[in-house]
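Commentary on secondary and tertiary structure
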Amino acid sequence: MSDYIYPVARLIESFRRLPGVGSKSAARMAFGVLEMSEADAEEFRAAIKGVKEDVHRCSVCCDLCDGDKCAICSDPERDGGMICVVEDPRAVSALERSHEYNGTYHVLGGVISPMNGITPDKLNVKELIARLNGDVREVIIATNPNIEGETTAVYLSKLIRPLGVKVTRLAYGVPVGADLEFADSETLARALEGRREF
Ligand code: ZN
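1. So, helix H5 (residues 89-97)
Among the residues making up H5, those that are buried are Ala 91, Val 92, Ala 94 and Leu 95. In a view along the axis of H5, the buried residues occupy a sector of 165°, so they form one face of it. Residues of H5 that are buried sit in contact with helix H4 (71-74), strand E3 (79-86), strand E4 (103-107) and helix H8 (185-193). One or two steps after H5, the chain reaches His 99, where phi turns positive at roughly 55°.

Have a look at this one:
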């Protein structure tokens, strides 16, 4: 980075902190910003400020939103009797793209991973349990099909079943270890259709 004057090196370093961006891409992006018009640069500044200041967690499902409640939780056409539990907001987008699901979601914010210090109290588990107030018929657990995803699914099923709520797990046609967000719409539709009860 010492090859560049400080303001440029600083911007390259900021881009390099983004996932999947190496030094060369970061330098290309930084020079891209240098060449931007003042109006585009202002829009870029405002967009970064906007995601940091205006994005909150939905007070119901913990998904990202820019108001108190997300669009799905606010939609009276959605079936509030079904909650599909996912790891992160990207999984919500993937399932929405399949157009097969009309219930609501709950975003855990990760999976149980003792090795990484992620215990259930670090996830949005109590927010999920608080939603099981009698109107919820089924909780579909759609954590990713890997060891941590399975551990989390088993943990949640043990917590939820005694409350008299049906708990199901997606029937993955995707290879074990593949992330839900990368599954195609048809695979996700089949996974939802073939979900099995715990
Ligand atoms: Zn919501």
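2. A short note on the pairing of E4
In terms of residue burial, E4 counts as a mostly covered element, since five of its five residues are buried. Bridge count between E3 and E4: five bridges; the pairing is parallel. If you follow Val 86 over to E4, its bridge partner there is Val 107.

Reading guide: rules and limits
Residues numbered from 1 in each chain as written. Predicted model: local features only at pLDDT ≥ 70, side-chain atom pairs only at ≥ 80, totals over all residues. Heavy atoms only, no water. Buried < 20%, exposed > 50% of the residue type's maximum accessible area, 1.4 Å probe, protein only. Helix = DSSP H or I, 4+ residues; strand = E, 2+ residues; numbered from the N terminus. Arc of directions from axis to C-beta. Contact = heavy atoms within 4.5 Å. Pairing = 2+ DSSP bridges.

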